[in-house]
Amino acid sequence: MKIKIPLLSSLSILCSLNNTYAADISVKGLVDLRVHQTKNSSDNSYLTGGYGKFRYNDSGLSIGQLALQAELEINKTWSSTLVLNAFADKGHSSIGYTEAYFKYKGLPTSNGWRVSSKIGIFYPNISLENIATAWSSPYMLTSSTINNWVGEELRHTGLNFAVDKLGKFTNSKHTFSADISLFQNNDTAGTLLAWHGWTIGSRQTLLHEKIAIQPFPARQNSLSAQAPLSDPFKEIDHKFGIHSTLGWKYSNKIKASFGYYNNNTDEGLVERGQYTWKTDFYHLGIKYRLAQQWEIITQHMQGSTFMRSPELVKVVDVDFDSSFVMLRHFWNDHHFALRGEYFTVDDLDNLEGDNNNETGRAISLAYRYKLNKQSFVLVEQSWIDSKRPSRWYVNKPIEQTEKQVQIGFRYYF
Amino acid sequence: MNKLASLLLKKYLPLVLLACISSLKAETLVVQVFDQTNKPIKDIVAFAIPKFAIDSLPSNTSQVVIDQKDKKFAPYMTVIQKGQKLTFENKDDITHHIYSVSGENRFEFKLKTGETKQTQALIGVEEIAMGCNVHDWMSGFTLVVDTPYFGKTDDKGNLSFNNLKPGNYEISVWHPQLDAEQHIQSQYFEITQGLNTLDFVLKKALLPIPTQQGQDEFDFLEEY
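Residues numbered from 1 in each chain as written. Chains lettered and ligands numbered in written order. Predicted model: local features only at pLDDT ≥ 70, side-chain atom pairs only at ≥ 80, totals over all residues. Heavy atoms only, no water.

Going by what an unreviewed UniProt entry lists, chain A is known as Porin and is assigned to Thalassotalea marina.

If you want it as C-alpha cells, here you go:
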C-alpha cells in the first residue's frame, strides 16, 4: 500500500493535468512479456538473495517490463518526466518509479553551443544499450553486466549540467559534449556488485526497492550489523557525489563517451544496517557503424569499492572491471545481436567468510523480428561461464556455466 | 555535324520553346548550372538581382511548405523572397521542435504530429539554418533573397526567369554545401531583348549533403 498511494495520486495528478493541458502531456510506454527457461548456478537468482547470475530461475512466464513514461511539457525548453515501471516474475514482483526529473534543453546558439540540464532522479549517462523508452534496450532482452549493474545500483538524485557543441552549424561532422552531475542517494553503491558479482538481466531497481544480500559466513560475525536487504538509493553522509562524461560523435557513424564516477562518501558510516561504500570507476563506450547494416558497440568499466567499519577498519575492499563487445546486424525487419563479455572482481581484503573474487565470460545471442512499427518478437540465448568461490558457502560448484533462453514480445507505444 | 546539330537542338529546343511561350515583350533568361566536369547540377538555387533602379519589384505571396517527414526536412533546401513566410507540416507520428537561430530570422516551435505552423514574415536577407532540437541530425536550409526572381534548377540544371526587364543583373547560385563565402557564387550578366542564356559553372564541386539520419535506427529512442 505504501507504494500504491503515491502511484495512484501521481497518476491522478497526471490525469487532471491531462484534462487541463491536454496538449502538453505525452505518455509513452512499453509492454514486454516473456517466456524463459533458466539454468542458474544456485536455487535463486541474485535478485532474491541467491548466487544465480540471471534475473530468472527455472522456467516460466514473466512480465519483462511494463513501463509508462509521462512527459509534461512546461514550456518550449522545460519539461518534466516521470517513469513508472513494473516487473513480475515468480515470487518477485514490484511496481514503482525508476526516474522523476525536470529537464531543461535550450536551443543551440548560431555557433552550435547548447546547454541542457536535469534536476531530479535520473540515470547516469553510461549505457549505450539502454537508450529506448523507460531505459529499455532495443537490441536484446538483457543488458550487459555493466549496464545491468547500472540499472541495479546507480541512480543520480541531484543535478546534471551538459554542454553540446553541434558540428552542423559550422559544417563540421564532429559534435562534442560534456556533462557533470552532482548527486546524492547513492552512498551504498557497490554493495551488491561486491557481494553477488556481475549479473545479466533486464531488471531495474525501483526507487523504493531494497535488494536481498547473498548468504556468506561473515554476515554472522564481522558483518552482522549489515541489514539483510541493501538499499541502493540511500543517503547517509549528506555529501554530493560526482559523475562527469565527455562525448564525441562523428557524423552518424561514431559515438564515443568517457566518464568518471565517484560517489564521494564519508567512510565508516552505518545507518540502519546500511554502510557507506566508497565507489569510483571509469567507463568508456564506443558505438561504431561499420557499414549500413552493421554496428559494433563496446563498453568498458573499471573501478573499486570498499567499506569500512565505524572504527575505520577496511572490511570489504574490491576492484572490479567488465567489458563487452556487441556486434549487431540488421536489415528490413530483422535484427541480430551477438554480445561477448569478460568480467572480474578482485577481492583485496582478508576478511574470512567473505570471498568476493570472480572471473567470468558471457555470450548472448538475440534475434529480433519487427512485426509492425510498434511490436517486436525477440528470442535470446545467453551463457555465463564464471568462477566464484563464494558459491562454496551455499554448497554450489565454484565454477559454473549458467544458461538462459528467452522469448519475448515487446510493444512500444 | 549532324550529331552537333542534334545536340544543339536537344539543349536549346526547350529554351526556344520556353521563349516562345513567354510574352512577346518580356525578356527571358535561362540559367543552366554546371560543375567543372560539365555535369548539370539539379536542385540548386539560382536568383537574379537587377542592378538598376526599378520602381517596384513584384512580391511573391505563394505559400512555401517544408515537411517534416521520416525525421527529415523535405525539401532540404528552400528559397523565398524577403517578407514571405515558411509553413512547417509535421507528417511524422512524433513531436518535432523546429528552430532557426539565424540572424534576424529566428523562430522556434514544437510541432506535434499532424500539426502545421507558420513563421512570421522573414525579413533578414540571409541563409537560415533550420534544425530540430529533438533530432539533432535533422537539418534544412532556407535562403531569403531580396528579389522576386529565384528558383531551383530542374533535372537538366536549367532554371528560366521570365518577365525580366533588360539591363544588368547579378546572377547567383546558392547551396548550403557550396564552398564559397555565404555559400553563394555570383556573376554579372546583361539581359538583352529576347532569349538570354547563361551557362553558370561552379568554381568548386559541391560538398556532400549530410545524411539526415541518426545513428540508431530504432523508433522509440529516448535521450539517455
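**Observations concerning the pattern of salt bridges**
Should their charged atoms come close, side chains of opposite charge can pair. The tally for this structure, following the rule as stated, stands at 36 salt bridges over all chains. A salt bridge links Glu358 of chain A to Lys53 of chain A, with the nearest nitrogen and oxygen atoms 2.7 Å apart. Here Glu358 of chain A, found in strand S18 (residues 358-370), pairs with Lys53 of chain A, found in the loop between strand S1 (25-39) and strand S2 (59-73); they are 305 residues apart in sequence, far enough to count as distant. Judged by its relative accessible area of 1%, Glu358 of chain A falls in the buried class. The salt bridge partner of Glu73 of chain A is Lys112 of chain B, with a shortest N-O separation of 3.5 Å. Within this pair, whereas Glu73 of chain A is found in strand S2, its partner Lys112 of chain B is found in the loop between strand S8 (105-111) and strand S9 (116-118), the two belonging to separate chains. According to the relative accessible area criterion, Glu73 of chain A is buried, its value standing at 18%. (Salt bridge = Lys/Arg side-chain N within 4 Å of Asp/Glu carboxyl O. Helix = DSSP H or I, 4+ residues; strand = E, 2+ residues; numbered from the N terminus. Buried < 20%, exposed > 50% of the residue type's maximum accessible area, 1.4 Å probe, protein only.)

**Overview of the sheet that holds strand S1 (residues 27-34) of chain B**
The pairing of strands in a sheet comes from backbone hydrogen bonds and takes either a parallel or an antiparallel form. All names here are of chain B. Read from one edge of the open sheet, three strands run S13-S1-S16, paired in mixed fashion. Of all strands in the sheet, those bounded by a partner on one side alone are strand S13 (158-164) and strand S16 (195-201). Pairwise comparison of adjacent strand axes, ignoring direction, gives a mean angle of 20° for this sheet. Inspection of the sheet shows S1 paired to S16 by seven bridges, in the parallel sense. Bridging across to S16, Val30 finds its partner in Thr197. (Pairing = 2+ DSSP bridges. Axes fitted to C-alpha atoms, helices over the stretch in contact; angles between N-to-C directions.)

**What about the sheet that holds S9 of chain B?**
All names here are of chain B. As summarised here, the arrangement of the four strands in space is S4-S3-S6-S9, forming an open sheet in which the pairing is mixed. The sheet is open, and its two edges are formed by strand S4 (72-74) and S9, each paired on a single side. On average, each strand axis in the sheet is tilted by 25° relative to the strand beside it, whichever way the strands run. Bridging between strand S3 (residues 64-69) and S4 involves three bridges; their strand directions are antiparallel. Across the sheet, the residue bridging to Gln68 is Phe73, located in S4.

**Quick notes on the pairing of S18 of chain A**
All names here are of chain A. As paired strands, strand S17 (residues 334-347) and S18 are joined by 12 bridges and run antiparallel to one another. Following the sheet pairing, Thr344 is matched in S18 by Thr359. When S18 meets strand S19 (residues 375-387), the two strands line up antiparallel, connected through 12 bridges. Looking at the pairing, Gly360 lines up with Ser386 of S19. Counted between consecutive antiparallel strands, the loop separating S18 from S19 contains four residues.

**Points about helix H2 (residues 145-153) of chain A**
Residue and element names in this part refer to chain A. Counting buried residues along H2, nine of its nine residues qualify, which places the element largely inside the surrounding structure. Among the residues of H2, Thr145, Ile146, Asn147, Asn148, Trp149, Val150, Gly151, Glu152 and Glu153 are the ones counted as buried. Its buried side turned inward, H2 meets helix H3 (191-196), strand S8 (211-212), strand S14 (277-291), strand S15 (294-308), strand S16 (314-331) and S17. (Contact = heavy atoms within 4.5 Å.)

**Structural notes on the environment of Asn125 of chain A**
Residues and elements named next belong to chain A. Residue placement: Asn125 occurs in the loop between strand S5 (113-122) and H2. When its relative accessible area of 33% is taken as the criterion, Asn125 is described as partly exposed. Residues Asn125 and Asp179, spaced 54 residues apart in sequence, show a C-alpha to C-alpha distance of 8.8 Å. Ignoring sequence-local partners within four residues, the contact set of Asn125 consists of Asp179, His243, Thr245 and His283. There is a polar contact of 3.3 Å between the side chain of Asn125 and the side chain of Thr245. (Polar contact = N/O pair within 3.5 Å; in protein donor to acceptor, adjacent residues only side chain to side chain.)

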